[in-house]
Amino acid sequence: MGASEGRGGGGGEAAVHRSIEAVWRIESAKIIATVARMVRDVGLAEELAQDALVSALEQWPEKGAPDNPAAWLTAVAKRRALDRLRHRQLAEHKAPEIGRELDAQHEMAQADFAEAVDAAIDDDIGDDLLRLVFTACHPVLSTEARVALTLRLMGGLGTDEIARAFLVPEATVAQRIVRAKRTLLEARVPFEVPRRHELQARLASVLEVLYLIFNEGYSATAGDDWMRPALCEEAMRLGRIVAELMPDASEVHGLVALMEIQASRTAARVGASGEPVLLLEQNRARWDHMLIRRGLAALARAEALGGAFGPYALQAAIAACHGRARTADETDWPRIAALYDALAELSPSPIVELNRAVALSMAFGPAAGLEVVDRLVGEPALQAYHLLPAVRGDLLLKLGRRAEAQKEFDRAASLTRNTRERTLLLARARACAAVQG
C-alpha cells in the first residue's frame, strides 16, 4: 500500500479499511507478541495493539496508508507500551535510574520513533510468537478458553467470528476471553517458552488446541453446515507458524501433516447441495493434491526427526494411506488397521478403538469390526457419541441385518446436532426400512 492510497471518497476509505483489516489479520499476532514481551501482560498487550489499530482506522483514510503498514502498527503499539511502562514506573516510585532510562527512551521515540524503539527493544519476533502461543494455550485455562484466546490472539479473529464458528453466543466468547486474560494475569503465568522439562507437556496443550480448531472446521459439531473450511485453514496456518518456530519438534510436523492431508479432501467432502459425501464415495480427482504433497513432506520430516510413532504422526500416516490411494479400492486397509493398533497402544481411547474397528472391518470384514464395536456399546464416554451407532449401523447393514441397522441409524440421527449429518443418517435409516418393506 502506498502513501497516496485511500485518500478521498467513500470508496477509497472503504478500500483503506479493508486493507487495514487484512494487515491486522496477518500481523496482529506478531504485534501483540512484541508488546507482550515488553509489558508482560497478554491482556494489556492486546489492548495496546488494538489502540494502534484504532489509530490506523482514524489516520490512514485521511493521510493515506504508510508504505509499511505492519511496521507502522507495531511502532505505534510499542510507543503506547513505552508510555504505559513509563507511567507505571513513575506511579510506583521505582528507582530514579529506571525512570530516567524510560524517559530517555520516550524522548528518543518522539524524535525518531521507529528506529529508537527498535534499538531499545531487542526484537526476536520468532521467540515472541512462540511465547504468545504457549501463553494462549496454557493449561491453567479451560479448553474452551484456550481455543477462544488462541483464535483471538494468534488468529486475529473477532469475538463475533469465533462465536459464529462455534455456534455459541458472542457474549459467551467475550466472557471466555476476558476470564482467560484475567486468569493468566492472576496466575502470574510468565510470558516465556517453557523450560525444557515442561516443554513436552505444554507443547501437547498447544497441539491439542490447534487440532480442536481444525476438527471443528472439518466436521462441525452442530449447525447447518457439515464443514467450516475457514477454521481448518486457520488451524493449518497456525500449525505452520508453530512448525517454523519449532523446526525440531517432530509432533508439530506430524500435526501439520495430518491437517494438510485431511484438508485435501475438503472440496470432495460436500455435495452440490451441501450434503456430506463419505470418504469411500468421494471423487478423488477433487482432492487437493498439492496439500497431499505438502502433508506427505511434513510427515517425512516428522519421521526423520524420530517422531514416526507420535500420536499425530501416526494419524497422519493413516491419512497418508488414503491420500496415496488413487481409488478407494487401492486403499491399504491392513496397514491402516496396523497403524490404529499402534495408536491404540500409544493413546488408548474409546474413539481410537471405534476408528480401529472401522479399519478392521475394511481389512478383514464387517464381522471383525462389529466384534470391537459391540464391546464399546456400554462405554460411558460414548453414550452420547453419534458415530458409535452410525458405525454399528453401517456394519450391521453390511452383514444384512437391516432392521438392527435401521435402529442404529435412527439413534445416531437423534444424537447428532449437525443438520446435514442428521439428514444423511435418517436417509440411511429410511433406505433400510424400504428394503425390509
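Starting afresh in each chain, residues are numbered from 1 along the sequence in its written order. At least 70 in pLDDT is required for a residue's local features to be given in this predicted model, at least 80 for side-chain atom pairs to be given and counted, and no such filter applies to totals for whole chains, interfaces and linings, which use all residues. The basis for every side-chain value is the complete set of heavy atoms in the structure, and neither hydrogens nor water enter the calculation.

The name an unreviewed UniProt entry assigns to the protein chain is RNA polymerase sigma factor, from the organism Variovorax paradoxus. UniProt positions are given in the numbering used here, feature names are shortened, and annotations may be inferred rather than shown by experiment. The Sequence similarities (unreviewed entry) field of the UniProt record for the protein chain holds the comment "Belongs to the sigma-70 factor family. ECF subfamily."

Colleague: Please set out the overall build of the protein chain residue by residue, giving values where relevant.
Modeller: By the criteria applied, helices consist of DSSP H or I runs no shorter than four residues and strands consist of E runs no shorter than two, each listed in order from the N terminus. In terms of helices and strands, the protein chain carries 20 helices and two strands. A total of 437 residues make up the protein chain; the buried ones form 48% of that total. Contacts were defined at the residue level, with two residues in contact if any of their heavy atoms lie within 4.5 Å. Put simply, of all contacts in the protein chain between residues at least 6 apart along the chain, 64% involve residues at least 24 apart. Carbon and sulfur atoms make up 52% of the accessible area of the protein chain, which totals about 20,800 Å². Each residue is assigned to one of three classes by its accessible area relative to the maximum for its type, calculated with a 1.4 Å probe on protein chains only: buried under 20%, partly exposed between the two thresholds, exposed over 50%. The method behind every accessible area is Shrake-Rupley, applied with a 1.4 Å probe, and residues are considered shielded solely by the protein chains displayed.

Colleague: Break down the pattern of salt bridges for me, with residues and values.
Modeller: Salt bridges are defined as contacts in which a side-chain nitrogen from Lys or Arg sits within 4 Å of a carboxyl oxygen from Asp or Glu. Summed over the entire model, instances satisfying the criterion amount to 22 salt bridges. The shortest N-O distance in the salt bridge between Arg84 and Glu47 comes to 3.3 Å. Highlighted residues: Arg84 in helix α3 (residues 69–91) and Glu47 in helix α2 (residues 42–63), separated in sequence by 37 residues. For Arg84, a relative accessible area of 32% translates into the label partly exposed. For Glu260, the salt bridge is made with Arg240, and the minimal N-O distance between the two is 2.9 Å. Highlighted residues: Glu260 in helix α12 (residues 250–263) and Arg240 in helix α11 (residues 229–245), separated in sequence by 20 residues. Among the charged side chains, a network of salt bridges with common partners joins Arg37, Asp128 and Arg131.

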